[in-house]
Amino acid sequence: MDNLSSGKNCRIDAHSVTVMFFIMFFAYALFFYPSYTLGAEKKARKPAPKEVVKKDIVISDANIQSSLKRAEELLKKGDIEGSLPIYTKIYEFTKEAITTVSHIQKQYERFINEPETSQADKEEFFIKLNRIKQLIPRYKAIKDTCGYNLGFIYGKKNEPEKARIFLTELMETLPFSRNKDSLWMRAKTLLLEIYALEGEF
């Protein structure tokens, strides 16, 4: 009888152990599963790449030389898309500055030549006029360089009409030169190449 009861107890104990094992297993699974899936979701959810916002290029007298150097470096590396907006901004800045300063120059010259202008005023505005006369050639040289490079870039981009605008303006504003290394001759050669007329003229 004792043997029977002990066998029965053994079966109950084994059954209890099995039940307890499953209860603990499910409790463990319920406890850790949410945190596991949450961690997996966090890993799966990669942060969206930040959109790169290009800052607008602002050209001033203070940074015009460094901007020009940067554009030239990019162009030498073959990065025409990177150099294009810089050359464009420099070109626009110098063109507008030359127009504005040229208008001021005319007014100063008129003021200096008026009989009623005092000698002190004449001397003051003569100094300002000299600064203007130094500024215009410097800006014109930068503008001409940018104009040629913009013509070159648009030629490379297969946009001949845009290239022609810059190169034609350059040839109209520069004095004619037979020197093959002059900007006038280079602009002419490039323009004819764009229209497949090189060697014709």
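Please refer to the structure higher up on the page.
A. View of the packing of helix α5 (residues 160-173) against helix α6 (residues 183-194). Interhelical geometry of α5 versus α6 gives an angle of 155° and a closest axis separation of 9 Å. Judged on the interaxial angle alone, α6 and α5 are roughly antiparallel. α5 and α6 meet at a crossing whose hand is left-handed. The residues of α6 that touch α5, namely those facing Pro-160, Ala-163, Arg-164, Leu-167, Thr-168, Leu-170 and Met-171, are Leu-183, Trp-184, Ala-187, Lys-188, Leu-190, Leu-191 and Ile-194. By residue class, the composition of the contact of α5 with α6 is eleven nonpolar, one polar and two charged.

B. Spotlight on the nonpolar core. With 22 residues, the main nonpolar core has Tyr-87, Ile-90, Cys-146 and Leu-150 as its most contacted residues. Looking at this core, the element that brings in the most residues is helix α3 (residues 80-113), giving eight residues. With near-sequence residues (within four places) excluded, Leu-150 lies in contact with Leu-84, Tyr-87, Thr-88, Tyr-91 and Phe-166. Residues Leu-167, Met-171, Trp-184 and Leu-191 belong to the second largest nonpolar core, which totals ten residues.

C. Local environment of helix α2 (residues 64-76). In this model, α2 (13 residues) spans 18 Å end to end at C-alpha, consistent with the 18 Å of a helix rising 1.5 Å per residue. Taken together, the buried positions of α2 are Ile-64, Ser-67, Leu-68, Ala-71, Leu-74 and Leu-75. For α2, the buried positions fall inside an angular range of 125° around the axis, keeping them on one side. Structural note: α2 exposes Lys-69 and Lys-76 on the side pointing more than 90 degrees away from its buried face. Against the buried residues of α2 lie α3 and α4 (119-156).

D. Inspection of the packing of aromatic side chains at higher detail. According to the stated counting rule, one finds six aromatic pairs in the structure shown. Taking 5.1 Å as the distance between ring centres and 80° as the angle between the ring planes, the aromatic pair formed by Tyr-91 and Phe-166 counts as edge-to-face. Of this pair, Tyr-91 sits in helix α3 while Phe-166 sits in helix α5, and the two are 75 residues apart along the sequence. Here the two residues Tyr-91 and Phe-166 agree in accessibility, since each one is buried. Centre to centre, the rings of Tyr-108 and Phe-125 are 4.9 Å apart; their planes meet at 80°, and the pair counts as edge-to-face. Within this pair, whereas Tyr-108 is found in helix α3, its partner Phe-125 is found in helix α4, the two being separated by 17 residues in sequence.

E. Seen up close, empty space enclosed by the protein. For the coordinates displayed, the defined rule picks out one cavity of 30 Å³ or more. For the lining of the largest cavity, the elements supplying multiple residues, two or more each, are α4 and α5. In the lining of the largest cavity, the residues fall into three nonpolar, two polar and three charged.

F. Focus on the pattern of salt bridges. One pass over the structure, following the stated rule, counts ten salt bridges. Note that Asp-56 and Lys-89 form a salt bridge whose closest N and O atoms lie 3.7 Å from each other. With Asp-56 in the loop between α1 (2-44) and α2 and Lys-89 in helix α3, this residue pair connects regions lying 33 residues apart in the sequence. Residue Asp-56 is classed as exposed on the basis of its relative accessible area, which comes to 59%. Judged by relative accessible area, which is 28%, Lys-89 ranks as partly exposed. The partner of Asp-144 in a salt bridge is Lys-140, and the shortest N-O contact between them spans 2.9 Å. Of this pair, Asp-144 and Lys-140 both sit in helix α4, four residues apart, which is roughly one turn of that helix. When its relative accessible area of 29% is taken as the criterion, Lys-140 is described as partly exposed. A cluster of three or more residues bridged by salt bridges with shared partners is formed by Glu-81, Lys-157, Glu-159 and Lys-162.

Each value, and the rule that gives it
- Residues numbered from 1 in each chain as written.
- Predicted model: local features only at pLDDT ≥ 70, side-chain atom pairs only at ≥ 80, totals over all residues.
- Heavy atoms only, no water.
- Axes fitted to C-alpha atoms, helices over the stretch in contact; angles between N-to-C directions.
- Helix = DSSP H or I, 4+ residues; strand = E, 2+ residues; numbered from the N terminus.
- Parallel < 35°, antiparallel > 145°, perpendicular 65-115°, else oblique.
- Left-handed = near helix turned anticlockwise from the far one by under 90°.
- Contact = heavy atoms within 4.5 Å.
- Nonpolar A, V, L, I, M, F, W, Y, C, P; charged D, E, K, R; others polar.
- Core = buried A, V, L, I, M, F, W, Y, C linked by side-chain atoms within 4.5 Å.
- Buried < 20%, exposed > 50% of the residue type's maximum accessible area, 1.4 Å probe, protein only.
- Expected span 1.5 Å × (residues − 1).
- Arc of directions from axis to C-beta.
- Phe/Tyr/Trp six-rings, centres within 6.5 Å; stacked < 30°, edge-to-face > 60°.
- 1 Å grid on protein atoms, 1.4 Å probe; cavity = no way out; pocket = protein on both sides within 12 Å on 5 of 7 lines; lining within 4 Å.
- Points joined across faces, edges and corners; volume = space filled by probe spheres on them.
- Salt bridge = Lys/Arg side-chain N within 4 Å of Asp/Glu carboxyl O.

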